Amino acid sequence: MKLKGILPILDWLPNYNKKHLKGDISAGLTVGIMLIPQGMAYAMLAGMPPIYGLYAALIPQFVYAILGTSRQLGVGPVAMDSLLVAVAVSQFAQAESDQYIALVILLAMIVGGIQLLMGFLRLGFLVNFLSHPVISGFTSAAALLIGFSQLKYLMGVDLERSQFLHEILWSAFQNIGNINPYAMLIGLLGMGIIISLKKRKSSIPAPLVVVVLGIIGVWSFGLDAQGVAIVKTIPKGLPSPSFPILDWNSIQQLMGSAFTLALVGFMEAIAISKAIHVRHNDYKIVPNQELIALGMANIMGAIFQSFPTTGGFSRSAVNDQAGAKTNLAALISATFIVVTLLFLTPLFYYLPKAVLASIIMVAVFKLVSVEDARLLWEGNQKRDFAILMVTFVATLTIGIQKGILLGVIFSIINMLYDTMYPHITLNQSSTPLPSGILIIRFEEQLYFANSAYFREKMEALLNPALDAKQQNDLTHIIFDASSIPRIDSTGQKALDYFIHTCQNKNYQLSFVGLPAQMDCSCFESTEEAIKGIQAQTIV
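Procedures and definitions
- Residues numbered from 1 in each chain as written.
- Predicted model: local features only at pLDDT ≥ 70, side-chain atom pairs only at ≥ 80, totals over all residues.
- Heavy atoms only, no water.
- UniProt positions renumbered as here; feature names shortened; annotations may be inferred.
- Salt bridge = Lys/Arg side-chain N within 4 Å of Asp/Glu carboxyl O.
- Helix = DSSP H or I, 4+ residues; strand = E, 2+ residues; numbered from the N terminus.
- Patch = residues over 30% accessible without salt bridge, like charges linked within 9 Å, V, L, I, M, F, W, Y side chains within 5 Å.
- Areas by Shrake-Rupley, 256 points an atom, 1.4 Å probe, with all protein chains shown as cover.
- Axes fitted to C-alpha atoms, helices over the stretch in contact; angles between N-to-C directions.
- Parallel < 35°, antiparallel > 145°, perpendicular 65-115°, else oblique.
- Contact = heavy atoms within 4.5 Å.
- Nonpolar A, V, L, I, M, F, W, Y, C, P; charged D, E, K, R; others polar.
- Pairing = 2+ DSSP bridges.
- Core = buried A, V, L, I, M, F, W, Y, C linked by side-chain atoms within 4.5 Å.
- Buried < 20%, exposed > 50% of the residue type's maximum accessible area, 1.4 Å probe, protein only.
- Phe/Tyr/Trp six-rings, centres within 6.5 Å; stacked < 30°, edge-to-face > 60°.
- Lys NZ or Arg CZ within 6 Å of the ring centre and 35° of its normal.

The name that an unreviewed UniProt entry assigns to the chain is Sulfate permease, with the source organism given as Aureispira anguillae. According to its UniProt record, the chain has this under Subcellular location (unreviewed entry): "Membrane".

Our next topic: the pattern of salt bridges. In this structure the tally under the stated criterion is eight salt bridges. The partner of Asp418 in a salt bridge is Arg383, and the shortest N-O contact between them spans 2.8 Å. Of this pair, Asp418 sits in helix α20 (residues 400-420) while Arg383 sits in helix α19 (residues 382-397); the two residues are 35 residues apart in sequence, bridging distant segments of the chain. One connected set of salt bridges, linked through shared partners, spans Glu371, Arg374 and Glu378.

So, on to a nonpolar patch on the surface. Side chains of Trp170, Phe173, Ile176 and Ile179 sit close together on the surface and give an oily, nonpolar patch of about 420 Å² of accessible area. Topologically, Phe173 is positioned in helix α10 (residues 165-174).

In this section: the packing of helix α6 (residues 79-89) against helix α13 (residues 248-277). For the pair α6 and α13, interaxial distance at closest approach is 10 Å and the crossing angle is 175°. For the element pair α6 / α13, the angle class is roughly antiparallel. Contact with α6, carried on its side by Met80, Asp81, Leu84, Val85, Ala88 and Val89, involves Leu254, Ser257, Leu261, Val264, Gly265 and Glu268 of α13 and no other residues of that element. For the contact of α6 with α13, a count of residues per class yields eight nonpolar, two polar and two charged.

This part is about unusual backbone geometry. A positive phi angle, near 70°, is found at Glu96, a position not held by glycine. Looking at the secondary structure, you find Glu96 in the loop between α6 and α7 (98-120). At Arg122, a position not held by glycine, the phi torsion is positive, near 55°. Looking at the secondary structure, you find Arg122 in the loop between α7 and α8 (132-149).

Strand pairs in the sheet, formed through backbone hydrogen bonds, run parallel or antiparallel to each other. With mixed pairing, four strands are arranged side by side in an open sheet as β3-β4-β5-β6. The open sheet has two free edges, formed respectively by β3 (424-426) and β6 (508-512), since each of these has just one partner strand. This sheet shows a mean twist of 20° between the axes of neighbouring strands, independent of strand direction. Examined bridge by bridge, strand β4 (residues 437-442) and strand β5 (residues 476-480) share five bridges and lie parallel to one another.

Moving on, we come to the UniProt feature "domain: SLC26A/SulP transporter" (unreviewed entry) in the chain. As recorded in UniProt, the sites labelled "domain: SLC26A/SulP transporter" (unreviewed entry) are residues 21-391. With 67% helix and 2% strand, the stretch residues 21-391 has end C-alpha atoms that lie 44 Å from each other.

What follows concerns the nonpolar core. Counting residues in each nonpolar core, the largest one holds 126 residues, and the members touching the most others are Met48, Val89, Leu107 and Leu351. Per-element tally for this core: the top contributor is α7, with 14 residues. Beyond its immediate sequence surroundings of up to four residues, Val89 is in contact with Tyr100, Leu103, Val104, Leu107 and Leu254.

So, on to the packing of aromatic side chains. Under the counting rule described, the total for this entry stands at 14 aromatic pairs. Consider the rings of Phe148 and Phe365, whose centres lie 5.8 Å apart with planes at 65°: the pair is edge-to-face. Within this pair, whereas Phe148 is found in helix α8, its partner Phe365 is found in helix α17 (residues 353-365), the two being separated by 217 residues in sequence. Note on Phe148: relative accessible area 25%, which makes it partly exposed. Here the aromatic rings of Phe479 and Phe511 are separated by 5.9 Å at their centres, their planes lie at 75°, and the arrangement is edge-to-face. Taken together, the positions of Phe479 in strand β5 and Phe511 in strand β6 put the pair 32 residues apart, joining distant regions of the chain. For the pair Phe479 and Phe511, a shared accessibility class is recorded, and that class is buried. Among the aromatic side chains, those forming a connected cluster through ring pairs are Phe442, Phe454, Phe479, Phe498 and Phe511. Positioned over the ring face of Tyr497 is Arg455, at 4.0 Å from the centre of the ring.

So this is what it looks like as structure tokens:
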């Protein structure tokens, strides 16, 4: 393998075009500014102290800039993974406790190890098991869970952490009388300002604006004394490297969640990378190298106290729109985080948690896609609609991991159903069909799982189920196998049975487009087969 394939930075850095510098600097600073409030907000969502959000925005970016193949992907903490982290670890330790923090960092190490191994084994295709209906249903449900999980900060009350929507809403309802009006006002104003600024002038970093206003408001009016929860002291300085404690019992407890996080994180990153890559033609996205890059980003991030990270949609979109052409933009963003950690953390002491909650809620509620469900229903794709709804409801009611697993299982069942009971088309031809000819088109591979169905359908077609006139006129059968990619040994026996049945009934049988493995003469198209039959009739 070429060194550039292992270290993609060697592909763009030696040939760096100075014309890109302005755009990279602009994008790097813009995303760096975004990352400060986002990082702290997503750390809070993950059950971690806010400073860990800045740690998660630091080392993973540096590592991805060196190893990643996308030049606009913004790697760091994201809402979906943060929620999965909280769900995975909260069952074993109290949020923000030393044990909790240690488990989260260990989880990041395991996630990185899984992604790295998948990259080396070239297993990027596994993400294909997450079909669009599963992704849409899971994302919409997770967005609702993420959004409503912030009610505790918006209401200013201590609600019990849960991964079930009904439990969150019930707990909030029970505490309506305990709402802190100042926290609620701060949160609602924060959401209103973010939404308003995004509509009027999207170039303004709205999350940073509400952070600054929130800090000034709490400090000026002493709202922390009125029960408004604030971030308080954020440690100053860069994270110290330390290897996570590899406790075998903890690894076993976290392994299932780590695998889910590894797949979901890769799915998010590769989907975002490919969406942005459409507008660029000067590089290629290499999925397996992306796995390696994300894996190393999480492993090195864990060593420097980061929780699991991946590519974020909003940051990547802003990165691209702000003019990023290379991963120098990511290096600049990470450098800005370094400056913040060294000099600016005292400024965030009075930052109200309600503001961070407002940032999260605005970011995730737009991920709820009613449109996907509507299009599937109106497009007569009822089974895909059912998969979406099953994933959505299951994620909300029985748990995030079980929800996505159930969606994958239903997708696989749906795929197997299509192969076991494929569509059979009759008399489809671009030329007029002479009397006495029946064209049968089997639109799937012929293998052990559908061979019994094939025999049953062929018997029905060749027996008096056909109307009497057609039965009497029928002399030729054209079996169109152009949609059959392969035939296994069980399928071969089913096909032999079909051939013998045709012979017993004195039907002449012609084949079209049989797989190369079949040692049998056949026509290239049904039109050629029809001409061949007509030529035989004339003779």
